[in-house]
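Descriptive analysis of the structure
Okay, here's what each chain looks like letter by letter:
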Amino acid sequence: MAGPSENHGKRDKSVLSAARDTGQLSVDTILERLGAFGRYQIIQISLLFSGHFSIAFQILNFVFIAQEVKHQCTSSGFTESIDGDVVYGQCKGDYGNISTNNTITRQCVAWRYESNKLRSIVSEWDLVCDDVPFSRLPQTMFIVGQGVGALIFSVLSDKFGRRPLLLLTHLLTAGFGVGQVFSPNIHVFTALRMIDGIFQQGLVVVSCTMVLELFPRRRRLDIVSINTVYWCVCLLILTLIAYLLRHHTWRTLQLVLSSGSIAVVFQIIFIDESLRWLIANKKDDKALQILNKASRFNCVDISTVIQQATILPETSSCEARPDIAKTPKASRFSVLDVFKNAFLLKISVIIWLTWLVDSLTYFSLYLTSSSLADNFYLNFLLNSLAEAPAGPLFWFVSRRYGRRRFFMIFHVLSGVSLLLTTILKRLADGVAASSVATAFAFVGKIGNSACFASMFSYVPELYPTNIRTVGLGGGSTAARIGAAISPFTSMVASAIPWLPGTIFGVGCLIIAGLVMILPESQGRELPETVEEIRAWPKSPRTSIPTI
């Protein structure tokens, strides 16, 4: 004979299934009634945020392990005997031949470095002079791997679930991060870094989606703000670790940074599957297990939660409640629907262009911002601090004016600031003009950082559940293209100094106009179908519960 708890479980499951199949299930209300920011949610988001160390350390560690080291030719760097005085340079040596009384220039094949030869991959493998491109190739291939990973794991997580792909990508990110420590040469290191990029970006896409799906809509702004501040903290910790280990080898630094992935152990033990994904894919047994667990942690009655989330007021209708799942159609979506559906394709193209421009600007400013400070570590620290305002700015402006206006305002701010920086550097001279140009550049970086970081929140709000990570992955892939182009901006700047800043500024202004075409997602539950997104402009925003 079944016990009371088993009977309650069967009843809750039947109510959950019937409400979903008849279009009267609000996942957002379930999350609200569980406790918008209860103990369960705090534990889960802490576990998800712990993966940010792996994400930040693996993408930006290259700044430190591949930093340039001052070098000079040595006498052993010449292939012929020398019978005169030599003037050594970085890549060549000039010496006077006593017998002919002529000055001869020869390419160098050996170098002396200012610091420990094993401090950087550049010095350990002599990636200087003609071999400089090889010192930048690993990061380029890492970015290529990120683009591949964003596409692959966004599709897989929509099909097989968030949790298994989160754990898989985190474990493999850690594994290939450690593997790079034992690289015998630049070729093996480059290959391992490209593979690491594939899994690192999979970790980014899946974890960001899980964070967003963990909370109801009224908490999304708060979570994005916390997320961006936490990202800034990760960068500051990265700076501190790199500074403390500045006299050690790059292999030691890489091993220490890779050890940050130990958090995956706690994720394996404690992290749960996305409740939204389980309900959207009709996995009611597992959904009820998580609901029961969450209700115990948050001290609420699970049966009451389900009943309140599946009973609509008599005066409401499906047309008046676009946040209620009307059909189970979302479970049949695939990546091809993005290209088949003109509405989704329009949204996607704008998102791709936006993320490409933001990423190109973001990483280019990191690579060309040495004017902020002469010290290598202080320079990186200042760039990291520019990330701090992103979350609070998104919380305040987006909450007051909406998502679209936030992106319009800060793209305009970034574009105008970068254009003014370019004009001042081109036309004005003197310490005062240089200081003002630097200030404008810093403001432009703050605006760009705010837009770049907040895209991870806005983009998932514009896609139905079962292609949400596909949408996020597609945008992230476009961002990788921008990041892959960014290393070449320094080459362009050396030939035409005003061109990169002009491209960034004009690009941001163009994006400011395009984002106003996107739907406004503020005050909406995460959509389950394309029809819900289409209905947003024609229906009032649902009220946000105050519990």
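Residues numbered from 1 in each chain as written. Predicted model: local features only at pLDDT ≥ 70, side-chain atom pairs only at ≥ 80, totals over all residues. Heavy atoms only, no water.

**Considering the packing of aromatic side chains**
Taken as a whole and assessed by the stated rule, the structure comprises 20 aromatic pairs. On the basis of an interplanar angle of 85° and a centroid distance of 5.5 Å, the ring pair of Phe 189 and Trp 250 is categorised as edge-to-face. Here the residue Phe 189 occupies a position in helix α9 (residues 186–213), and Trp 250 occupies one in helix α11 (residues 250–258), the gap between them amounting to 61 residues. Taken as a pair, Phe 189 and Trp 250 share a single burial class, namely buried. Among the aromatic residues, those joined into a cluster by ring pairs are Phe 394, Phe 406, Phe 407, Phe 410 and Tyr 458. Here Arg 193 stacks its cationic end above the ring of Phe 142, 4.3 Å away from the centre of that ring. Directly above the ring of Tyr 362 sits Lys 445, whose terminal nitrogen or CZ lies 4.8 Å from the centroid. (Phe/Tyr/Trp six-rings, centres within 6.5 Å; stacked < 30°, edge-to-face > 60°. Helix = DSSP H or I, 4+ residues; strand = E, 2+ residues; numbered from the N terminus. Buried < 20%, exposed > 50% of the residue type's maximum accessible area, 1.4 Å probe, protein only. Lys NZ or Arg CZ within 6 Å of the ring centre and 35° of its normal.)

**Here's the deal with empty space enclosed by the protein**
Gaps left between atoms show up when a probe the size of a water molecule is rolled over them. As enumerated under the stated definition, the model contains five cavities of 30 Å³ or more in all. Its volume calculated, the largest cavity comes out at about 340 Å³. Forming the boundary of the largest cavity are 19 residues, of which Ile 55, Val 204, Trp 231, Phe 452 and Phe 456 lie nearest the centre. For the lining of the largest cavity, the secondary-structure elements that each account for two or more residues are α4 (52–60), α9, α10 (220–244), α17 (342–367) and α21 (431–458). In this model, the second largest cavity occupies a volume close to 150 Å³. Around the second largest cavity, the lining is made up of 16 residues, and of these Tyr 40, Leu 214, Glu 273, Ser 274 and Leu 275 lie nearest the centre. (1 Å grid on protein atoms, 1.4 Å probe; cavity = no way out; pocket = protein on both sides within 12 Å on 5 of 7 lines; lining within 4 Å. Points joined across faces, edges and corners; volume = space filled by probe spheres on them.)

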